[in-house]
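Listed here are the chains, written in short residue letters.
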Amino acid sequence: MKNLLLSFVAIGAFAAFNASAQTETHVVSREGDVIVQSETSDGFGDKLRSLWDETGIVGFLSREKPAAREPGEPLAKPEAKLALPYGLGQAVMIFVCLVILYLAVFKGFEPLLLLPIGFGGLLANVPNAAITAAPWFDTAGGIIEPGGFLYYIFNAGVATGIFPILIFMGVGALTDFGPLIANPRTALLGAAAQFGIFVALLGALGLSVLFPGAINFGLKEAASIGIIGGADGPTAIWLTTRLSPSLLGSIAVAAYSYMALVPIIQPPIMRTVVPERDRKIKMKQMRHVTKLEKVLFPVIIVLLCILLLPSAVPLVGALMFGNLAKECGVADRLSDTMANALINIVTILLGLSVGSKLAAEQFLTFETLGIIFLGLVAFAFGTAAGCVMARIMNLFSKEKINPLIGSAGVSAVPMAARVSNKVGLESDSNNYLLMHAMGPNVAGVIGSAVVAGILLKLCGG
């Protein structure tokens, strides 16, 4: 009886193996721009071997990207690639993402931004996982293989520009425009800090002239790169989706990286531009701002934007809607949702989406390195321009402004304001500048949105 059972088991195993060896499966390939299907035999042994071929070990050792490409990818390789094998590039980017996670977790550098960005980049560089891949379709339009989840998140919220709008609603619900209303002249500091945007715009055009074979930025691309200087990630994403979607990943990563690194980048620039005696200037306490002023402010700003620059209304309108819900006092449930649940959920999804563009084949290019460099230049010039504007204003004003608050004109709210306060306390432990710095800081948010609207119109987006 035992021998009979063993015989049946052996016959069954042989039949199963033989059947699997003869089973026909569909293989998808690309011919030109059309996906076609072909028939092939794939035995059980081949399937076992394919398990090894699809491990991360083999993926990191590969020199070329897998031949199968998702719909929408270019058939030809971009010319501006760095000379790194494909697998090595993935390994390098995973190391970069681990550094980002280290800065977020152990150094506390804006973990709400860097944690999802770093982890999204880590997932995007997993070999053979296709987490960011687009779906595959057959010739009849049916889905052969669904896309990766980061692909759907990115296209649903970032590529459409929805996430930046929702982020602005949340920022508005968290923002107090009282310091700006109490001291309107600080709006000039927010405007001056946008100078870095135009420096980077011209720099991008200059790099295209200097390195025509590796870097090719037109006016639309240069405008999108320049907006990084406003240190406003949502605005950078919103403008780039309309002017140069192909650069969206690199620009978003650069914008959010510099936002997160405000405490490292700004202080040396501030100490260089502002002398010690000016850092000790004490500003008098601001006047009380009434509820009526705070309610009317967002309405007036939106009306002015409608009359003068309608192209900036999507961003400015979302910002002011969130702020009006906060200040009116009759929509606490709405303002609480925007300031907490909504902005937290969108921040998670936006961070993962931005991180998904840290994939090696998209990030390790000469153009991306140019964008990172120009973003830093724009951010530095914006920081310096705000401080210099404050010093110029002091030449014509009886009530002196501490030039350190000019650095908060970049719209990294409230990080830039906290940095202004911290550097001021280094010179005088009793000189608290936080509330004064919030004036140019929130003005910078409005300013970067306005500049984005202007660039959108000028560049024909």
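What counts as what
Residues numbered from 1 in each chain as written. Predicted model: local features only at pLDDT ≥ 70, side-chain atom pairs only at ≥ 80, totals over all residues. Heavy atoms only, no water. Salt bridge = Lys/Arg side-chain N within 4 Å of Asp/Glu carboxyl O. Helix = DSSP H or I, 4+ residues; strand = E, 2+ residues; numbered from the N terminus. Buried < 20%, exposed > 50% of the residue type's maximum accessible area, 1.4 Å probe, protein only. Core = buried A, V, L, I, M, F, W, Y, C linked by side-chain atoms within 4.5 Å. Contact = heavy atoms within 4.5 Å. Axes fitted to C-alpha atoms, helices over the stretch in contact; angles between N-to-C directions. Parallel < 35°, antiparallel > 145°, perpendicular 65-115°, else oblique. Left-handed = near helix turned anticlockwise from the far one by under 90°. Nonpolar A, V, L, I, M, F, W, Y, C, P; charged D, E, K, R; others polar.

**Remarks on the pattern of salt bridges**
Considering all chains together, one arrives at eight salt bridges under this definition. Ionic pairing is found between lysine 294 and aspartate 176, a salt bridge with its closest N-O pair at 3.3 Å. Of the two residues, lysine 294 is situated in helix α16 (residues 291-308) and aspartate 176 in the loop between α7 (162-174) and α8 (178-182); the sequence distance between them amounts to 118 residues. What makes lysine 294 buried here is its relative accessible area of 19%. Residue class for aspartate 176 comes out partly exposed when judged on its relative accessible area of 25%. Note that glutamate 426 is salt-bridged to arginine 271, the shortest N-O span being 3.2 Å. Here glutamate 426 is found in helix α21 (residues 415-427), whereas its partner arginine 271 is found in helix α14 (residues 262-273), with 155 residues between them in sequence. Among the residues examined, glutamate 426 registers a relative accessible area of 47% and is labelled partly exposed. When its relative accessible area of 35% is taken as the criterion, arginine 271 is described as partly exposed.

**Quick look at unusual backbone geometry**
Trans peptide bonds make up the majority, and among non-glycine residues the majority have a negative phi. A cis amide bond, omega -10°, links valine 413 with the succeeding residue proline 414. Note on placement: proline 414 falls in the loop between α20 (366-394) and α21.

**Regarding the nonpolar core**
Of all hydrophobic cores here, the largest spans 112 residues; its most connected members are Phe177 and Ile225. Considering every element that reaches this core, the biggest residue donor is helix α22 (residues 434-458), with 11 residues. When sequence neighbours within four positions are dropped, the list of residues in contact with phenylalanine 177 reads Phe297, Leu319, Met320, Asn323, Val442 and Ile446.

**Points about the packing of helix α6 (residues 149-158) against helix α18 (residues 332-356)**
Taken N-terminus to C-terminus, the directions of α6 and α18 make an angle of 115°; their axes are 9 Å apart at the nearest point. Here α18 runs roughly perpendicular to α6, going by the angle between their axes. Handedness of the crossing formed by α6 with α18: left-handed. Between α6 and α18, the contacting residues are Leu150, Ile153, Phe154 and Val158 on the first element and Leu349, Leu350, Leu352, Ser353 and Ser356 on the second. For the contact of α6 with α18, the per-class residue count stands at seven nonpolar, two polar and no charged.

Worth remembering: the numbers are spatial, not functional.
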